[in-house]
Amino acid sequence: MAIEERKGKKGITFRIVAYDGYKLNKNGNYVQNRKTKTFRPPTGMTLREARKIARQLDIEFTNQFAKEQASGTNMTLSEVWEWYKKYYAPNYLRTSTIYTMQTTVEKKILPEIGHIKLGNFTTNRITMFLNDVVIIKDKKTGKPVRPIRYYKDSYIQLIYSKLHSLFDIAIKQGWIKENPCENAIKPRRNKSKKLPPFETEQVKDLLAKTEIFDTYNAVIRFQLYTGMRIGETLALTWNDVDFDERTININKTVNYINKEFLIGPPKTDNSYRILGMNDTVYNLLKLVKDQQDILKKELKDVWKENNLVFSLDTGGYIHRANIKNRLDSLTKNTNYSYITIHTLRHANATLLLMNGVDLKIVSAHLGHNDIKTTANIYVDVLKSQRQAVAQLIDFKI
């Protein structure tokens, strides 16, 4: 709320300003929706009286919009998002998660339903939105591409989960009582195909292809042997590596957001962990260190000291896309060209489970939040283990 006192040829006027939520400006940014009201004192009214009335009008004008928003149902989804960004996200979400959510919400959700007030949302309205947003549209015309194509079901699930989160916050703040996303019908138009497992012989072949040393090959081998998340690997610094104790301390991750490398905490509290080093990993890191020391001397004028374990030849952070490109080139024309960087992590966990390592230990090794997460991801491996145990019991009997 604000009062702007202005002097003109016709005397003094008071411009009263209040704010009614947020709106989308011509640049596609959310800005406060400014409302104004002008008070012109009648002839003969003293300046003191005029200012007193202006203050009263300011209070009434501000309360008019505050009253509408206080009920919650008159808040738009865009206003909920602005509140979420300001108060919830900075306190509870990682930087990378905020970025992902912001991209999803501001590009896919708000342009379609951001203007709708909370009180006007129904389960049917959410169903209609989801079944519309699943259709891939031309970026210029906004019309469905021809022939009609659909986003992956997993992508629609992502949009749904972000929208669900916004309504959950609205419930917790007392703005609404129920989440309209509950019982909404999610489209099933483009289900992701389940990829075949990365078999032991294929792992051996990839290890053979990465025997010649360079940093990118070293990262790929390191991923297979440690099962770490790629962001954790690329954030490792030499003070995280203890060669005497043969341990690796995982305490951070790196993400590339808005053309900048950002260091943040690991994915979950359980992601803070210490891994042991076998001889292969120990020797690999020793080799990385030796090669890096040589580069530091040769490129001392351009070397950027970040103390990174895995770095560019000038000491800078490696973009995970570089590792992806190397992996793609190595697996091209093989029967496992479908694998991703994350597959290497899964391969590590699968090999541990197949060799009888306890599920609880594997869960801690991976840095999962709880053992259920591990069990759900590796349900097929656990099933095959159960069958092997059953056959063993039958054999023993």
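Structure's up top.
Calculation criteria
Residues numbered from 1 in each chain as written. Predicted model: local features only at pLDDT ≥ 70, side-chain atom pairs only at ≥ 80, totals over all residues. Heavy atoms only, no water. Helix = DSSP H or I, 4+ residues; strand = E, 2+ residues; numbered from the N terminus. Buried < 20%, exposed > 50% of the residue type's maximum accessible area, 1.4 Å probe, protein only. Areas by Shrake-Rupley, 256 points an atom, 1.4 Å probe, with all protein chains shown as cover. Arc of directions from axis to C-beta. Contact = heavy atoms within 4.5 Å. Phe/Tyr/Trp six-rings, centres within 6.5 Å; stacked < 30°, edge-to-face > 60°. Axes fitted to C-alpha atoms, helices over the stretch in contact; angles between N-to-C directions. Parallel < 35°, antiparallel > 145°, perpendicular 65-115°, else oblique. Nonpolar A, V, L, I, M, F, W, Y, C, P; charged D, E, K, R; others polar. Core = buried A, V, L, I, M, F, W, Y, C linked by side-chain atoms within 4.5 Å. Pairing = 2+ DSSP bridges. Expected span 1.5 Å × (residues − 1). Salt bridge = Lys/Arg side-chain N within 4 Å of Asp/Glu carboxyl O.

## Observations regarding the overall build of the protein chain
Alright, step 1. The number of helices and strands found in the protein chain is 14 helices and 8 strands.
Alright, step 2. Evaluated residue by residue, the protein chain yields a buried proportion of 38% over its 397 residues.
Alright, step 3. By element, 50% of the accessible surface of the protein chain is carried by carbon and sulfur atoms, the whole surface being about 24100 Å².

## Thoughts on helix α4 (residues 123-133)
Alright, step 1. All of the buried residues in α4 are Ile126, Thr127, Phe129, Leu130 and Val133. Buried residues of α4, seen end-on, are gathered within an arc of 165° and therefore sit on one face of the element.
Alright, step 2. The secondary structure elements touched by the buried residues of α4 are α3 (95-113) and α5 (153-172).

## A look at the packing of aromatic side chains
Alright, step 1. By the definition in use, this model includes 14 aromatic pairs.
Alright, step 2. On the numbers, 5.0 Å between centres and 55° between planes, the contact of Tyr151 with Tyr155 is tilted.
Alright, step 3. Aromatic side chains Phe261 and Tyr317 sit 5.5 Å apart centroid to centroid with 25° between the ring planes, which places their arrangement in the stacked category. On the criterion of sequence distance, the pair formed by Phe261 in strand β7 (residues 260-264) and Tyr317 in the loop between α9 (279-298) and α10 (320-331) is long-range, its members being 56 residues apart.

## A short note on the packing of helix α2 (residues 77-92) against α5
Alright, step 1. Where α2 contacts α5, the two axes come as close as 10 Å, and the packing angle between them is 80°. When the interaxial angle is binned, α2 and α5 end up roughly perpendicular. Contacts between α2 and α5 involve Leu77, Val80, Trp81, Trp83, Tyr84 and Tyr88 from the first element and Leu163, Ser165, Leu166, Phe167 and Ile169 from the second.
Alright, step 2. Residue composition of the contact of α2 with α5, grouped by class: 10 nonpolar, 1 polar and no charged.

## Section: the nonpolar core
Alright, step 1. Membership of the largest hydrophobic core comes to 41 residues, with the highest contact counts inside it found for Phe198, Leu206, Phe222, Ile248, Leu285 and Phe310.
Alright, step 2. With 6 residues, the single largest contributor to this core is helix α7 (residues 215-226).
Alright, step 3. When near neighbours in sequence (up to four residues on either side) are disregarded, Leu206 contacts Phe198, Ile220, Leu224, Leu327, Leu330, Thr331, Tyr336, Ile339 and Leu344.
Alright, step 4. Core analysis: the second largest hydrophobic core is formed by 32 residues, Ala89, Met101, Trp175 and Ala184 among them.

## Focus: the pairing of β7
Alright, step 1. Strand direction decides the pairing type here: strand β6 (residues 253-257) and β7, joined by 5 bridges, are antiparallel. Considered in β7, the bridge of Val254 is made with Ile263.
Alright, step 2. The hairpin turn running from β6 into β7, its antiparallel successor, is 2 residues long, and Asn258 in that turn takes a positive phi close to 50°.

## Topic: unusual backbone geometry
Alright, step 1. Residues Arg146 and Pro147 are joined by a peptide bond in cis, for which omega reads -10°.
Alright, step 2. You can see Pro147 is positioned in the loop between α4 and α5.
Alright, step 3. Of note, the phi angle at Asn183 is positive, near 70°, even though the residue is not glycine.
Alright, step 4. Its place among the elements puts Asn183 in the loop between α5 and α6 (200-209).
Alright, step 5. Positive phi, normally seen in glycine, also occurs at Arg246, with a value near 55°.
Alright, step 6. Locating Arg246 in the fold gives a position in the loop between β4 (241-242) and β5 (247-250).

## Overview of α10
Alright, step 1. Between its first and last C-alpha atoms α10 spans 17 Å; for 12 residues at 1.5 Å apiece the expected length is 16 Å, and the two agree.
Alright, step 2. Here α10 has its buried residues at Ile323, Leu327, Leu330 and Thr331. In an axial view of α10, the angular spread of the buried residues amounts to 85°, which keeps them on one side of the axis.

## Some points on the environment of Leu110
Alright, step 1. Assignment of secondary structure puts Leu110 in helix α3.
Alright, step 2. Leu110 sits 33 residues away from Leu77 along the chain, and the two C-alpha atoms are 7.4 Å apart.

## Some points on the pattern of salt bridges
Alright, step 1. One pass over the structure, following the stated rule, counts 16 salt bridges.
Alright, step 2. Here Arg15 makes a salt bridge to Glu4, at a shortest N to O gap of 3.7 Å. In this pair, Arg15 is assigned in strand β2 (residues 11-24) and Glu4 in strand β1 (residues 2-8), connecting sequence segments 11 residues apart.
Alright, step 3. With relative accessibility at 23%, the residue Arg15 sits in the partly exposed group.
Alright, step 4. Residue classification places Glu4 among the partly exposed positions, given a relative accessible area of 25%.
Alright, step 5. Measuring nitrogen to oxygen at the nearest pair gives 3.1 Å for the salt bridge that ties Glu106 to Lys85. Taken together, the residues Glu106 in helix α3 and Lys85 in helix α2 connect sequence positions 21 residues apart.
Alright, step 6. Via salt bridges that share partners, Glu4, Arg6, Arg15 and Arg34 belong to a single interconnected network.

Distances and angles like these do not, on their own, reveal function.
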